[in-house]
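Residue-level structure breakdown
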Amino acid sequence: MDYNKIITESFQIFWRHKALWIMGIVAAMCGQGDAGGFNFNFNQSFSGDNKLPNFNVPPFVRDMAENPIPYVMALVVVILGWWLFSTIVGWIAQGALIGMVDEIDRTGATSLGQGWRVGSERFLSLFAIAILLALPGLILLIPFIIWLVVFFAQIGVMANKNSNEIFNSLAPMLFSTLACLLPLLCLAILLGFAISLLKTISMRSCVLESLGAIDSLKRGWQVIRQNLGYVALTWFLLFVIRSFFGFIIAIPTIIMGLPVVLAVMNNGLSMVSIGLIAIFVVVMTIISGGLGGILTSFNSTLWTKFYKEVVRN
């Protein structure tokens with residue numbers, strides 16, 4: 001297998017067909033993108049003469065705090081509505097990207113409409129793959145949930161004790177739990193990595209070979225097992241690219257984020273601060289969605305070309 005040829009042809013397809021970028025941006029905006037993550041912390045120390053900022057709360061925020069139920073219910077409805085919409089559109093866009101790359105590879109051209117049709121036809125199977133692969137993670141959460149229930153139950157029993165008695169009672173449980181949860185955390189990281197690769201390959205089995213969810217997972221596992229070295233190499237290459245994109249996105253985040261943090265710390269939740277926060281969220285959503293969508297389209301192109309070459313050989 002000529003791996004260099006796969007990378008070269010993938011970049012040519014990605015660069016020449018901007019329709020892939022648009023579909024990648026749609027996927028990224030719906031939470032199905034593949035952009036690098038980034039975090040930054042901002043700390044400000046106060047000397048003895050400094051005073052904590054006066055957090056002025058606008059009247060509408062106080063009204064929400066005094067009667068939160070309608071706002072909470074509205075927020076839940078919005079979140080559920082967005083989740084349903086983003087899940088459907090996001091997975092259709094992921095399937096569309098795979099179908100569009102395949103069509104370009106076969107015919108030299110594609111369209112957003114054709115890609116959307118392919119993604120719509122394979123949506124249920126793609127969504128089923130995501131649900132099935134989410135089950136192991138949910139199973140790993142069960143011990144942690146049980147621990148939380150037991151932990152808070154013990155705190156409730158010891159509510160009338162002093163702090164030393166509470167610490168002496170909970171310390172053995174905390175240390176023993178830490179010893180048990182660390183291996184579980186390591187297992188979860190390895191499992192998450194394996195599931196991510198299996199999902200990536202199985203999605204292509206589903207779209208390119210028109211397989212159901214179970215058969216796609218079996219086929220994806222077979223492809224990974226027989227081509228583990230190339231799969232790992234492809235993942236590492238895209239990890240480097242993803243990290244570079246994450247660094248690019250972090251630069252405007254820091255530049256725009258510092259004034260917002262300072263405004264909140266100095267003026268509290270004033271109308272100016274809330275306005276700056278809103279502008280920051282909108283601008284960063286556009287930047288991260290745009291760059292993340294472009295990265296998503298390239299990732300999908302490379303994985304699809306890789307899968308087709310593996311199957312062809």
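Residues numbered from 1 in each chain as written. Predicted model: local features only at pLDDT ≥ 70, side-chain atom pairs only at ≥ 80, totals over all residues. Heavy atoms only, no water.

1. Some points on the overall build of the protein
Selection rule: Helix and strand definitions follow DSSP, with helices as H or I runs of at least four residues and strands as E runs of at least two, each counted in order from the N terminus. Burial here depends on accessible area, computed with a 1.4 Å probe over protein chains only, as a share of the maximum for the residue type. Under 20% is buried, over 50% is exposed, and the range in between is partly exposed. Throughout, the Shrake-Rupley method with a 1.4 Å probe supplies accessible areas, and for residues the shown protein chains are the sole cover considered.
In terms of helices and strands, the protein carries 10 helices and zero strands. Each helix (α) and strand (β) of the protein, taken in turn from the N terminus, gives the series α-α-α-α-α-α-α-α-α-α. Expressed as a percentage of its 313 residues, the buried residues of the protein come to 35%. For the protein, the exposed area adds up to about 18,200 Å²; of that, 71% sits on carbon and sulfur atoms.

2. Focus on the environment of G113
Along the polypeptide, G113 turns up in helix 5 (residues 112-121). Spatially, the C-alpha atom of G113 lies 9.6 Å from that of M100, the residues being 13 residues apart in sequence.

3. Focus on helix 5
Heads up, the condition is: An arc is given here, and it is the one of the directions from the helix axis to the C-beta atoms.
Residues of helix 5 that are buried: G115, V118 and G119. Buried positions in helix 5, seen along its axis, are confined to an arc of 95° and lie on one side of it. Residues of helix 5 that are exposed and point more than 90 degrees away from the buried face comprise G113 and E121.

4. Some details on the environment of R204
Summarising the element assignment, R204 is placed in helix 7 (residues 163-208). Between the C-alpha atoms of R204 and G95, which are 109 residues apart in sequence, the distance is 8.2 Å.

5. Concerning the packing of helix 1 (residues 3-16) against helix 10 (residues 271-312)
When two helices pack together, their arrangement is given by the angle between the helix axes and the distance between those axes. Going by this rule: Every angle, taken between N-to-C directions, lies between 0 and 180 degrees, and every axis is a line fitted to C-alpha atoms, over only the stretch in contact when it is a helix. Orientation labels follow simple angle bins: below 35 degrees gives roughly parallel, above 145 gives roughly antiparallel, 65 to 115 gives roughly perpendicular, and whatever is left gives oblique. Take the far helix as the reference: if the near one is turned anticlockwise from it by less than a right angle, the crossing is left-handed, and if turned clockwise, right-handed. Throughout, a residue-residue contact means that at least one pair of heavy atoms, one from each residue, lies within 4.5 Å. Throughout, the ten residues Ala, Val, Leu, Ile, Met, Phe, Trp, Tyr, Cys and Pro are labelled nonpolar, Asp, Glu, Lys and Arg are labelled charged, and all others, Gly among them, are labelled polar.
For the pair helix 1 and helix 10, the least separation of the axes is 9 Å and the interaxial angle reads 140°. For the element pair helix 1 / helix 10, the angle class is oblique. Crossing hand, helix 1 versus helix 10: right-handed. Contacts between helix 1 and helix 10 involve Y3, I6, I7, E9, S10, F11, I13 and F14 from the former and I294, S297, F298, T301, L302, K305, F306 and E309 from the latter. Residues belonging to the contact of helix 1 with helix 10 are distributed by class as follows: 10 nonpolar, three polar and three charged.

Any functional reading would require information that these geometric values do not contain.
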